[in-house]
Amino acid sequence: MDMKIFINEVTKNAQGNNIIKFTTEYGNACALWNGTAPQINEEYTVEFEIPNVLCWKRDIISAQEGYLITIENNKFCLVGLFESIDDDGYTVIRLGESIIPIETEGEPLKLGSFVKLTTNTLVLYEVNY
């Protein structure tokens, strides 16, 4: 499921990729934008992708209840509800009405608990219906 974001700023990184600063109802962050550069001060419907495998108890830790998106120590942080996990580590984190699929490894935390995940890379894809 996707999420609405508001674009605050668009810059390029050293590789020439678009980096966006964005706002959601859960907080502000920045991410890599996949596709044509978005317009500043416009709202977009996007899907989140975290391309790396996250390790339980290192990249994903227990958190206080509540949904949050932020940047800490130059890393993307998300607090959401740990909704499901498959045998292969495919995990779903709920962020309000949206779900964020991630790949995980290690011993998971308690299903149905709030977790905080931290990653270096977040990629956003515009969703066109």
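Residues numbered from 1 in each chain as written. Predicted model: local features only at pLDDT ≥ 70, side-chain atom pairs only at ≥ 80, totals over all residues. Heavy atoms only, no water.

Visitor: Looking at this structure, I do not really get the pattern of salt bridges. What am I missing?
Guide: Oppositely charged side chains can pair when the atoms bearing their charge come close. All chains considered together, the criterion is met by four salt bridges. Measuring nitrogen to oxygen at the nearest pair gives 4.0 Å for the salt bridge that ties Lys21 to Glu9. On the criterion of sequence distance, the pair formed by Lys21 in strand β2 (residues 18-24) and Glu9 in strand β1 (residues 3-12) is long-range, its members being twelve residues apart. The partly exposed category is assigned to Lys21, whose relative accessible area is 42%. The class for Glu9 is partly exposed, based on a relative accessible area of 33%. A salt bridge links Lys116 to Glu72, with the shortest nitrogen-to-oxygen separation between them at 2.7 Å. Within this pair, whereas Lys116 is found in strand β11 (residues 114-119), its partner Glu72 is found in strand β7 (residues 68-72), the two being separated by 44 residues in sequence. Its relative accessible area of 19% is what places Lys116 among the buried residues. Here Glu72 falls in the partly exposed class, since its relative accessible area comes to 33%. (Salt bridge = Lys/Arg side-chain N within 4 Å of Asp/Glu carboxyl O. Helix = DSSP H or I, 4+ residues; strand = E, 2+ residues; numbered from the N terminus. Buried < 20%, exposed > 50% of the residue type's maximum accessible area, 1.4 Å probe, protein only.)

Visitor: Could you clarify how one ought to interpret unusual backbone geometry in this entry?
Guide: With the exception of glycine, the majority of residues adopt a negative phi angle, and the majority of peptide bonds are in the trans configuration. Although it is not a glycine, Asn73 sits at a positive phi angle of roughly 50°. Within the secondary structure, Asn73 is located in the loop between β7 and β8 (75-85). You can call Asn73 exposed: its relative accessible area is 73%. Unusually for a residue other than glycine, Asn74 sits at a positive phi of about 60°.

Visitor: What is the right way to look at the pairing of strand β10 (residues 98-105) in this model?
Guide: Consecutive residues of a regular strand have side chains that alternate between opposite faces of the sheet. Covered by surrounding structure in β10 are Ser98, Ile100, Ile102 and Thr104 only, the residues Ile99, Pro101, Glu103 and Glu105 on the alternate face being uncovered. As defined by bridge partners, strand β5 (residues 54-55) adjoins β10 across two bridges and the pair is classed as parallel. Residue pairing in the sheet places Leu54 in a bridge with Thr104 of β10. One ladder, built from six bridges, connects strand β9 (residues 90-95) with β10; its direction is antiparallel. Among the inter-strand pairings, Tyr90 is bridged to a residue of β10, identified as Glu103. Following β9, the chain reverses through two residues before pairing antiparallel with β10; Gly96 in that reversal takes a positive phi of roughly 65°. (Pairing = 2+ DSSP bridges.)

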